[in-house]
Amino acid sequence: MDQDVSLGVTMTLTQAELPNFRAAGRLGDHAIVYRCYRKQDGGGFGNQADHPFAWGVLVYVDGQVARIYSARGLPREWTDLTRLEIWIRGQGFWYWWMRNDLEPLGHSPYQNLHPNINVV
């Protein structure tokens, strides 16, 4: 099943449209950060076979779920949660929900990089 369908996405927005929706009072008060399949190469993790996932952002507009796209017409993606936090706070969100439906529970992709991380 298409991930947008399973997440209930009904529309898309560019990040440039966010301030206008916020000013009009149409933008929800929180965002959803979710794990998605990468559509773009690069981002410091150029090998998509080793790093197939990225993070995307959903917002609520008039109660409907909207996926954030870039001005170039591609879904916005982040491979670094620290940069994503800076971006999302810069868009005026004080809090957000996070979900990861794509990777198995009890497994951290960072265990290979940092073998001392314990997953409980």
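These lines cover the structure that appears in this document, whether it is placed above or below. (Residues numbered from 1 in each chain as written. Predicted model: local features only at pLDDT ≥ 70, side-chain atom pairs only at ≥ 80, totals over all residues. Heavy atoms only, no water.)

Bringing the overall build of the protein into the picture now. Broken down by element type, the protein carries three helices and five strands. Along its sequence from the N terminus, the protein presents helices and strands in the succession α-β-α-β-β-β-α-β. Burial statistics for the protein: of 120 residues in total, 35% are counted as buried. Partitioning the contacts of the protein with sequence separation of at least 6, the portion at a separation of at least 24 is 64%. Element-wise, carbon and sulfur atoms account for 52% of the exposed surface of the protein, whose accessible area totals about 7,600 Å². (Helix = DSSP H or I, 4+ residues; strand = E, 2+ residues; numbered from the N terminus. Buried < 20%, exposed > 50% of the residue type's maximum accessible area, 1.4 Å probe, protein only. Contact = heavy atoms within 4.5 Å. Areas by Shrake-Rupley, 256 points an atom, 1.4 Å probe, with all protein chains shown as cover.)

With five of six residues buried, strand β4 (residues 64-69) is to be regarded as a mostly interior element. Sheet topology note: the strand β1 (residues 9-14)/β4 ladder contains five bridges and is parallel. Looking at the pairing, V9 lines up with V65 of β4. Note that strand β3 (residues 53-61) and β4 share four bridges and pair antiparallel. Its bridge partner lying in β4, Y60 is registered against V65. (Pairing = 2+ DSSP bridges.)

This part takes up a nonpolar patch on the surface. Taken together, the side chains of W94, Y95 and W97 make up a nonpolar region of the molecular surface, amounting to roughly 450 Å² of accessible area. In this structure, Y95 sits in strand β5 (residues 95-99). (Patch = residues over 30% accessible without salt bridge, like charges linked within 9 Å, V, L, I, M, F, W, Y side chains within 5 Å. Salt bridge = Lys/Arg side-chain N within 4 Å of Asp/Glu carboxyl O.)

What the rule picks out here adds up to three salt bridges. Between D4 and R67 there is a salt bridge, with its nearest N and O atoms 3.1 Å apart. Of this pair, D4 sits in helix α1 (residues 3-7) while R67 sits in strand β4, and the two are 63 residues apart along the sequence. Note that D101 is salt-bridged to R99, the shortest N-O span being 2.7 Å. Residue classification places R99 among the partly exposed residues on the basis of a relative accessible area of 36%.

Keep in mind these numbers describe shape, not what the thing actually does.
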